[in-house]
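# Observations on chain architecture
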Amino acid sequence: MISYKDSGVNIEEGYKSVKLMKEYTNKTLTSSVLNGLGSFAGMYELGHYNNPVLVSGTDGVGTKLKIAFKMNKYDTVGIDCVAMCVNDILCHGAKPLFFLDYIACGKLNGEIAAEIVKGVSEGCIQAGSSLIGGETAEMPGFYSEGEYDIAGFAVGVVEKDKIIDGSSIENGDSLIGIASSGVHSNGYSLVRKLIQDLSININGKNMGEVLLTPTKIYVKPVLNLLEKFNIKGMAHITGGGFYENIPRMFKDNLNAVIDKNSFPMPDIFKYMQSQGLDEKEMFNTFNMGIGFVLCVNKKDEEDVIKALIEMGERAYKIGHIENGEGKVVIQ
């Protein structure tokens, strides 16, 4: 008699992984979460808002996972997954409330799945968000054994009259950049083509470890800023780099002018550029050291930068807004 296990799916390993995951997911729960891991659905009590708007975002980690497989290190990619989602919804002023993840593999290893969720939980803690559910799918014959994929989605909330949509951005406004933690989680298909030896030393650090540095989560410092300043627009610098993401915050009759010398470029980007990429390709693919951009009135720029620095962030005035055609000019 044939069993489900004979087909490549080990239900017992799935039970084991859920048991291991609970240790991490429980750390993210708040009184707003009405049930625990293992229910058919996660329930979250919204709380007291006057005119709440739910804001959602979904993303994955992409081929950065290939680096994790080679390094046999799985506890940081979950942070990346959370960061890619919560940083996006943050751009509209939303506070992340809860997160759900989806992990798929060819053959489930409970310890590895729990390590991935450990990272997801850490990302949720950094974002002030609750991990209220998820799915682990064992799919033999679809994924290669030893390989995992992870994606997730975040749901946040913002009062309707406090939504940030860039509509007030105008000529003369300032652009403030907050430093990234490294490459973050986009462009890794190109990264892996450029860098195949993960044992290379870069400023005293192993290349594999540098590339696995998790994406920075900007939620707490930015929400703090929103309570004190008029932030007109925000952009998360992900796939498409500066050229695609910064214009998403303003209207088509404006340009963002970026001073490429106004912030330090991390060594990893200098190394990749030395491997044959031209500057435009770099700024069109990577964050180049700036993971999140704010648009503020020029009169507020110094106070915003000071506030960010006091919160432990590295922040710079990286450019300004001028009349134009809805594009980015890097000079």
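Predicted, not measured: the structure shown is a model, and the values here were computed from it.

## So, the environment of Met139
Within the element layout of this structure, Met139 appears in the loop between strand E3 (130-138) and strand E4 (148-159). A C-alpha to C-alpha distance of 23 Å links Met139 and Asp80, two positions 59 residues apart in sequence. Aside from chain neighbours lying at most four places away, what touches Met139 is Tyr102, Ala104, Cys105 and Gly106.

## Some details on helix H4 (residues 110-127)
The terminal C-alpha atoms of H4 lie 25 Å apart, and with 18 residues this matches the ideal 26 Å at 1.5 Å per residue to within 8%. What H4 keeps buried is the set Gly110, Ile112, Ala113, Ala114, Ile116, Val117, Gly119, Val120, Ser121, Gly123, Cys124 and Ala127. Between the side-chain oxygen of the N-cap and the backbone nitrogen of Glu111 there are 3.0 Å, and the N-cap of H4 in question is Asn109. Two residues or fewer after H4 comes Gly128, characterised by a positive phi angle close to 70°.

## Quick look at unusual backbone geometry
If you check the backbone angles, Asn203 has positive phi at about 55° while not being a glycine. Looking at the secondary structure, you find Asn203 in the loop between strand E6 (201-202) and strand E7 (205-206). You can call Asn203 exposed: its relative accessible area is 65%. Positioned with a positive phi, Met288 is a non-glycine residue whose angle comes to about 60°. Among the structural elements, Met288 can be located in the loop between helix H10 (279-283) and strand E10 (290-296).

## Some words on the packing of aromatic side chains
Any pair of aromatic rings gets described here by the distance separating the centres and the angle formed by the planes. Applying the stated criterion to the full structure yields 8 aromatic pairs. Ring geometry for Tyr44 and Phe98: centres 5.4 Å apart, planes at 40°, overall tilted. With Tyr44 in the loop between helix H1 (11-25) and strand E1 (52-60) and Phe98 in strand E2 (residues 95-105), this residue pair connects regions lying 54 residues apart in the sequence. Exposure remark for Phe98: the relative accessible area of 17% places this residue in the buried category.

## Things to note about the state of the cysteines
Throughout this description, disulfide means a covalent bond between two cysteine sulfur atoms. Counted according to the given criterion, the structure contains 0 disulfides. Cys81 supplies the cysteine sulfur nearest to Cys105, a cysteine that is in no disulfide, at a spacing of 15 Å. Left without a disulfide partner, Cys124 is nearest to the cysteine sulfur of Cys81, which lies 9.1 Å away. Residue classification places Cys124 among the buried positions, given a relative accessible area of 0%.

## A closer look at the environment of Phe242
Considering the arrangement of structural elements, one finds Phe242 in helix H8 (residues 241-245). Given a relative accessible area of 0%, Phe242 falls into the buried group. When neighbours within four sequence positions are excluded, Phe242 is seen to be in contact with Ile237, Pro247, Ile258, Phe263, Phe283, Phe286, Asn287, Met288, Ile290, Ile318, Val328 and Ile330.

## A closer look at the environment of Lys19
Position of Lys19 relative to the elements: it lies in helix H1. By relative accessible area, which is 67% here, Lys19 ends up exposed. Put simply, Lys19 and Ile163 are 144 residues apart on the chain and 39 Å apart in space, counted from C-alpha to C-alpha.

## With respect to the packing of helix H3 (residues 77-90) against H4
The interhelical angle for the contact between H3 and H4, taken along N-to-C directions, is 40°, at an axis separation of 6 Å. It follows that H3 is oblique to H4 by the angle criterion. H3 and H4 meet at a crossing whose hand is right-handed. In this structure, H3 uses Val77, Gly78, Ile79, Val82 and Val86 to contact H4, whose residues at the interface are Ile116, Gly119, Val120, Glu122, Gly123, Cys124, Gln126 and Ala127.

## What to know about the packing of H3 against helix H7 (residues 219-226)
At a minimum axis distance of 10 Å, the contact between H3 and H7 shows a crossing angle of 10°. Classified by the interaxial angle, the pair formed by H3 and H7 is roughly parallel. Along the contact surface, H3 presents Val86, Asn87 and Leu90, while H7 presents Val219, Val222 and Leu223. Split by residue class, the contact of H3 with H7 holds 5 nonpolar, 1 polar and no charged.

## Structural notes on the sheet that holds E4
Ordered by their spatial adjacency, 4 strands build an open sheet running E1-E4-E2-E3, and the pairing between neighbours is mixed. Two strands in the sheet have a free side with no partner beyond their single neighbour: E1 and E3. Taken over all neighbouring pairs, the strand axes of this sheet differ in orientation by 15° on average, direction set aside. Summarising the sheet, E2 and E3 pair through 8 bridges and their orientation is parallel. Residue pairing for E3: Tyr102 is matched across the bridge by Glu135. Of the strands in this sheet, E2, E3 and E4 are in contact with H4, which crosses E2 at around 165°.

## Focus: the sheet that holds strand E5 (residues 174-179)
Spatially, E8-E10-E5-E11-E9-E12 is the arrangement adopted by the 6 strands of the open sheet, whose pairing is mixed. Each end of this open sheet is capped by a strand with a single partner; those strands are strand E8 (231-236) and strand E12 (328-330). Strand-to-strand twist of the sheet, defined as the mean angle between neighbouring strand axes without regard to direction, takes the value 25°. Relative to strand E11 (residues 315-323), strand E9 (residues 254-258) runs antiparallel, the two sharing 5 bridges. In the sheet register, Leu254 faces E11, and the bridge partner there is Asn323.

Parameters at a glance
- Residues numbered from 1 in each chain as written.
- Predicted model: local features only at pLDDT ≥ 70, side-chain atom pairs only at ≥ 80, totals over all residues.
- Heavy atoms only, no water.
- Helix = DSSP H or I, 4+ residues; strand = E, 2+ residues; numbered from the N terminus.
- Contact = heavy atoms within 4.5 Å.
- Expected span 1.5 Å × (residues − 1).
- Buried < 20%, exposed > 50% of the residue type's maximum accessible area, 1.4 Å probe, protein only.
- Polar contact = N/O pair within 3.5 Å; in protein donor to acceptor, adjacent residues only side chain to side chain.
- Phe/Tyr/Trp six-rings, centres within 6.5 Å; stacked < 30°, edge-to-face > 60°.
- Disulfide = S-S within 2.5 Å.
- Axes fitted to C-alpha atoms, helices over the stretch in contact; angles between N-to-C directions.
- Parallel < 35°, antiparallel > 145°, perpendicular 65-115°, else oblique.
- Left-handed = near helix turned anticlockwise from the far one by under 90°.
- Nonpolar A, V, L, I, M, F, W, Y, C, P; charged D, E, K, R; others polar.
- Pairing = 2+ DSSP bridges.

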